[in-house]
Amino acid sequence: MKTNYLNRIRQQNPLIHNITNIVVANYVANGLLALGASPIMSSAIEEMEELPAICNALVINIGTLTAEQVNAMLSAGKAANRHHIPVVLDPVGVGATTFRRQIVTRLLAEISFSAIRGNAAEMACLANADWQSKGVDVGKGEADLNEIANTLAQQYQCTVVISGEVDVVSDGRQLANIRNGTALFPKITGSGCLLSAVCGAFLAVAPQDGFNAALEACTAYAIAGELAAQPLLPQQHGQFYTALLDHLAALDSSQIHRLARISHV
Ligand SMILES: Nc1ncnc2c1ncn2[C@@H]1O[C@H](COP(=O)(O)OP(=O)(O)O)[C@@H](O)[C@H]1O
Ligand SMILES: Cc1ncsc1CCOP(=O)(O)O
Ligand SMILES: [Mg+2]
């Protein structure tokens, strides 16, 4: 990895607008602050036209979707497109209900996304691939995630991230696998949602280089988790929850370059 967009985040302190779920809003805001970005969380329809004008990226997360929030997402997404700021989609639990599937289809049709980030179950659902999803969790499946990432990236003309034990990043032309991380990640709620917001922060400072911005975002984030988990026992979920924030704040680019386990496929 040749980029150093982490330093750019710390220099530029991009403002990230998050329309997110009620479970993770506080954690995502703290994670963005730890990284060096600034969060603003809002779903009020009255300000969806105005916020994209002052923000550097928008992250749309459907985790606890309401009909009212859908209108806000469409309004903010279209305004973000007009202002040419990157928009990231996190299709949380999209396979769980008809409502989620219908809304994600509509968001993908009406908004131009720079990146879509989900776990294997969510991304398999978007690609109509076989997978046994389980609510917002990853569930089980055998589908080829490299192929799914590539297909979705070409279909939606954007960067696609499928996170998991191995993260897959594709823009439809380039594809990489990242083998960093820790088994503690899926033990805390919000770790995927925060990764989507972190992708938003990296894209905010490198909007023309989506693939490499997402690649650095996922690598940096997984390494912060790896370092946070190092002194912990597998059952120290609570310690990991806070240690991840500490390590996002302490992370530097030399650590990322030294510890990255990336293969270009
Ligand atoms: N089994 C695992 N081993 C190592 N890292 C993991 C594992 N599962 C998930 N991760 C990491 O957890 C972070 C959040 O991804 P994920 O758990 O897939 O999101 P979600 O919460 O949306 O399901 C990513 O950085 C990913 O690399
Ligand atoms: C548990 C839960 N329920 C609705 S949204 C949500 C949070 C999901 O967060 P993540 O995908 O980051 O684990
Ligand atoms: Mg998720």
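The model shown is predicted, which means the values in this text are computed figures rather than measured ones. (Residues numbered from 1 in each chain as written. Chains lettered and ligands numbered in written order. Predicted model: local features only at pLDDT ≥ 70, side-chain atom pairs only at ≥ 80, totals over all residues. Heavy atoms only, no water.)

1. Things to note about the overall build of the protein chain
Rules: In DSSP terms, a helix is any run of H or I states spanning at least four residues, a strand is any run of E spanning at least two, and both are numbered starting from the N terminus. Our radius of gyration looks at C-alpha atoms and nothing else; its globule reference is 2.2 Å times the residue count to the power 0.38. Partly exposed describes any residue whose relative accessible area lies between the buried limit of under 20% and the exposed limit of over 50%, with all areas from a 1.4 Å probe on protein chains only and scaled to the type maximum. Should any heavy atoms of two residues lie within 4.5 Å, those residues are counted as being in contact. Only the protein chains shown count as cover for residues, with accessible areas throughout obtained via the Shrake-Rupley method and a probe of 1.4 Å. The charge count treats Lys and Arg as positive and Asp and Glu as negative. His and the chain ends do not count. For the purpose of locating charges, the reference atoms are NZ of Lys, CZ of Arg, CG of Asp and CD of Glu.
Across its full length, the protein chain carries 11 helices and 11 strands. Taken over C-alpha atoms, the radius of gyration comes to 17 Å for the protein chain, in line with the 18 Å a tight globule of 265 residues would show. Over its C-alpha atoms, taken along the principal directions, the protein chain stretches across nearly 45 × 40 × 35 Å. By the burial criterion, 55% of the 265 residues in the protein chain qualify as buried. Considering only residue pairs separated by 6 or more positions, the protein chain has 71% of its internal contacts joining residues 24 or more positions apart. Entry remark: accessible area of the protein chain is about 11,500 Å², with carbon and sulfur atoms responsible for 48%. Taken as two groups, the 16 positive and 21 negative side-chain charges of the protein chain have centres that lie 3 Å from each other.

2. Overview of the nonpolar core
Side chains of nonpolar character tend, in soluble globular proteins, to be buried together. We apply this condition: What makes a nonpolar core is a set of buried Ala, Val, Leu, Ile, Met, Phe, Trp, Tyr and Cys residues whose side-chain atoms join them at distances within 4.5 Å.
Grouped together as the largest cluster of nonpolar side chains are 97 residues, with contacts concentrated most on Ile-60, Leu-107 and Phe-202. In terms of residue count, helix 9 (residues 210-229) provides more of this core than any other element does, 13 residues in total. With residues up to four places along the chain from it excluded, the contact list for Leu-107 reads Ile-60, Ile-62, Met-73, Leu-74, Leu-89 and Phe-113.

3. Side note on the sheet that holds strand 10 (residues 175-178)
The cut-off we apply is this: DSSP calls a pair of strands paired once it identifies at least 2 bridges connecting them. To obtain each axis, a line is fitted to C-alpha atoms, and for helices this fit is confined to the stretch in contact; angles are then taken between N-to-C directions over 0 to 180 degrees.
Taken together, the nine strands give an open sheet; going across it, the order is 2-1-3-4-5-8-9-10-11, and neighbouring strands pair in mixed fashion. Only two strands of the sheet have a single neighbouring strand rather than two, namely strand 2 (38-41) and strand 11 (262-264). Averaged over all neighbouring strand pairs, the angle between strand axes comes to 20 degrees, with direction disregarded. Bridging between strand 10 and strand 11 involves three bridges; their strand directions are antiparallel. Each residue of the ladder has a partner; that of Ile-178, found in strand 11, is Ile-262. Along the sheet, helix 4 (residues 67-82) contacts strand 1 (15-19), strand 3 (57-61) and strand 4 (87-90); its crossing angle with strand 3, the most-contacted strand, is approximately 155 degrees. Across the sheet, helix 9 touches strand 8 (159-163), strand 9 (167-170), strand 10 and strand 11, and the angle it forms with strand 9 is around 165 degrees.

4. A word on a negative patch on the surface
Note the following rule: Candidate patch residues must exceed 30% relative accessible area and have no salt bridge, after which like charges are joined if within 9 Å and Val, Leu, Ile, Met, Phe, Trp or Tyr side chains if within 5 Å. The term salt bridge refers to a side-chain nitrogen of Lys or Arg lying within 4 Å of a carboxyl oxygen of Asp or Glu.
Negative charge collects at one region of the surface, where Glu-46, Glu-47, Glu-50 and Glu-68 lie side by side. By the element assignment, Glu-50 lies in the loop between strand 2 and helix 3 (51-54).

5. Description of the UniProt feature "binding site: ATP" (unreviewed entry) in the protein chain
The cut-off we apply is this: UniProt positions are given in the numbering used here, feature names are shortened, and annotations may be inferred rather than shown by experiment.
Sequence positions flagged by UniProt for "binding site: ATP" (unreviewed entry) are, in local numbering, Arg-117 and Ser-163. Across 47 residues, the annotated set stays spatially compact, with a maximum C-alpha separation of 7.3 Å. By secondary structure assignment, the location of Arg-117 is in strand 5 (residues 115-119). Note on Arg-117: relative accessible area 4%, which makes it buried. The topology assignment puts Ser-163 in strand 8. Setting aside residues no more than four positions away along its own chain, Ser-163 makes contact with Arg-117, Gly-118, Asn-119, Ala-120 and Leu-195.

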